[in-house]
Amino acid sequence: MSTHLTLNVHIKESPVFTKNCYLINGDYEYYHYLCDGFDDRGWGCGYRTLQTICSWMNHNIKTKCPVPSVREIQAILVDLEDKPRSFLNSREWIGSFEVCLVIDRIYDIPCKIIHVNKKQTLESIVEELKDHFVRFGSPVMMGGDVDCSSKGIMGIHVNGAESSLLIVDPHYVGKEQTNNYLQNKGWVKWQPLKDFLSSSFYNLCLPQTKECPM
């Protein structure tokens, strides 16, 4: 388990809303571009969000496994025959479906995939996300096509069409990792549903943890 990455970078950001706010339950580490010295800028955001989720698993469930490196994630997907051998050591990105496969392989925990079609509003899945954070409390991976930037979802504020998602963005590059800095620069933020692209579809990966976080 990593010891040098910042824990729970959403803390202090979440009190923006005092009611109807549903957050993850438990600790996690913030994985982002170059955080371990490996240069994945421009293509590794899905891997980094997956690593953040894996760190949450290690902090909050009994099964402890090292957070896999980017190359180890690629090897798992090749071993599962989801990807060809040419995927190894490539710069090909991964999405929510691949994240689901890796979590199932490492932790024996299934994931639910929610697909939001183009032109379909994210408001349609608000109750589903709320239920996820109440029942399981695990981080969610979000990716899309036009909006192809992977995002970690650490909570939801429920307010109808004005609902917001608590985003932890893996695209950050730098050594400054204090919560205040990351939040002030927008790497951790509440993003209103209306600010997501209606021209993009979205896939969300919701790990269905077998145990409540300790």
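Attention here is on the structure that accompanies the text. If you're wondering where the values come from, they're calculated on a predicted model, not measured in any experiment. (Residues numbered from 1 in each chain as written. Predicted model: local features only at pLDDT ≥ 70, side-chain atom pairs only at ≥ 80, totals over all residues. Heavy atoms only, no water.)

### Considering the packing of aromatic side chains
Throughout the structure, instances matching the rule amount to five aromatic pairs. Ring geometry for Phe196 against Tyr202: centres 5.7 Å apart, planes inclined by 90°, an arrangement best described as edge-to-face. Each of the two residues, Phe196 as well as Tyr202, counts as buried. Among the aromatic residues, those joined into a cluster by ring pairs are Phe38, Trp43 and Tyr47. Taking NZ or CZ as reference, Lys83 lies 5.4 Å from the ring centre of Phe87, over its face. (Phe/Tyr/Trp six-rings, centres within 6.5 Å; stacked < 30°, edge-to-face > 60°. Buried < 20%, exposed > 50% of the residue type's maximum accessible area, 1.4 Å probe, protein only. Lys NZ or Arg CZ within 6 Å of the ring centre and 35° of its normal.)

### Comments concerning the pairing of strand E5 (residues 164-168)
Most of E5 is tucked away, with five of its five residues classed as buried. In E5, alternate side chains face the same way, and those of Ser164, Leu166 and Val168 on one face and Leu165 and Ile167 on the other are all buried. Pairing of strand E4 (residues 151-157) with E5 involves five bridges; the strand directions are antiparallel. Note on E5: the bridge partner recorded for Gly152 is Val168. In this antiparallel pair of consecutive strands, E4 and E5, the connection spans six residues, and Gly160 shows a positive phi of 60°. Across five bridges, the pairing between E5 and strand E6 (residues 188-192) is antiparallel. By the bridge assignment, Leu166 is partnered in E6 with Trp190. (Helix = DSSP H or I, 4+ residues; strand = E, 2+ residues; numbered from the N terminus. Pairing = 2+ DSSP bridges.)

### Digging into the environment of Ile113
By the element assignment, Ile113 lies in strand E2 (residues 111-116). The residues contacting Ile113, other than those within four sequence positions of it, are Ser96, Phe97, Cys100, Leu204 and Cys205. (Contact = heavy atoms within 4.5 Å.)

### A short note on the pattern of salt bridges
Evaluated as defined, the whole model comprises eight salt bridges. Arg41 is the salt-bridge partner of Asp39, the closest N and O atoms lying 2.7 Å from each other. In this structure Asp39 comes out as partly exposed when scored by relative accessible area, which is 36%. (Salt bridge = Lys/Arg side-chain N within 4 Å of Asp/Glu carboxyl O.)

### Points about the state of the cysteines
Scanning the entire structure with this criterion turns up zero disulfides. Summary of cysteine pairing: Cys111 is not part of a disulfide, and the nearest cysteine sulfur, belonging to Cys205, is at 3.7 Å. (Disulfide = S-S within 2.5 Å.)

### So, the packing of helix H2 (residues 70-79) against helix H3 (residues 96-107)
At a closest axis distance of 10 Å, the pairing of H2 and H3 adopts a crossing angle of 90°. Overall, the two elements H2 and H3 adopt an arrangement that is roughly perpendicular. The segment H2 lies against H3, with Ile73, Ile76, Leu77 and Asp79 engaging Glu98, Leu101, Val102, Arg105 and Ile106. By residue class, the composition of the contact of H2 with H3 is six nonpolar, no polar and three charged. (Axes fitted to C-alpha atoms, helices over the stretch in contact; angles between N-to-C directions. Parallel < 35°, antiparallel > 145°, perpendicular 65-115°, else oblique. Nonpolar A, V, L, I, M, F, W, Y, C, P; charged D, E, K, R; others polar.)

### Things to note about the packing of helix H1 (residues 45-60) against H2
Remark: H1 packs on H2, axes separated minimally by 10 Å, with the N-to-C direction vectors making an angle of 95°. Accordingly, the angle class assigned to the pair H1 and H2 is roughly perpendicular. In this structure, H1 contributes Tyr47, Arg48, Leu50 and Gln51 to the contact, and H2 contributes Val70, Ile73 and Gln74. A class-by-class count of the residues in the contact of H1 with H2 yields four nonpolar, two polar and one charged.

### Some remarks on the pairing of strand E7 (residues 202-207)
Along E7, five of the six residues are buried, which leaves the element largely enclosed by surrounding structure. As paired strands, E2 and E7 are joined by six bridges and run antiparallel to one another. When the sheet's bridge partners are listed, Ile113 is paired in E7 with Cys205. The pairing of strand E3 (residues 140-144) with E7 spans four bridges and is classified as antiparallel.

### Quick word on the side chain of Glu98
Summarising the element assignment, Glu98 is placed in helix H3. Glu98 gets classed as buried once you look at its relative accessible area, which sits at 11%. A polar contact of 2.9 Å, which involves the side chain of Glu98, links it to the side chain of Lys83. Among residues more than four places away in sequence, those in contact with Glu98 are Leu77, Asp82 and Lys83. (Polar contact = N/O pair within 3.5 Å; in protein donor to acceptor, adjacent residues only side chain to side chain.)

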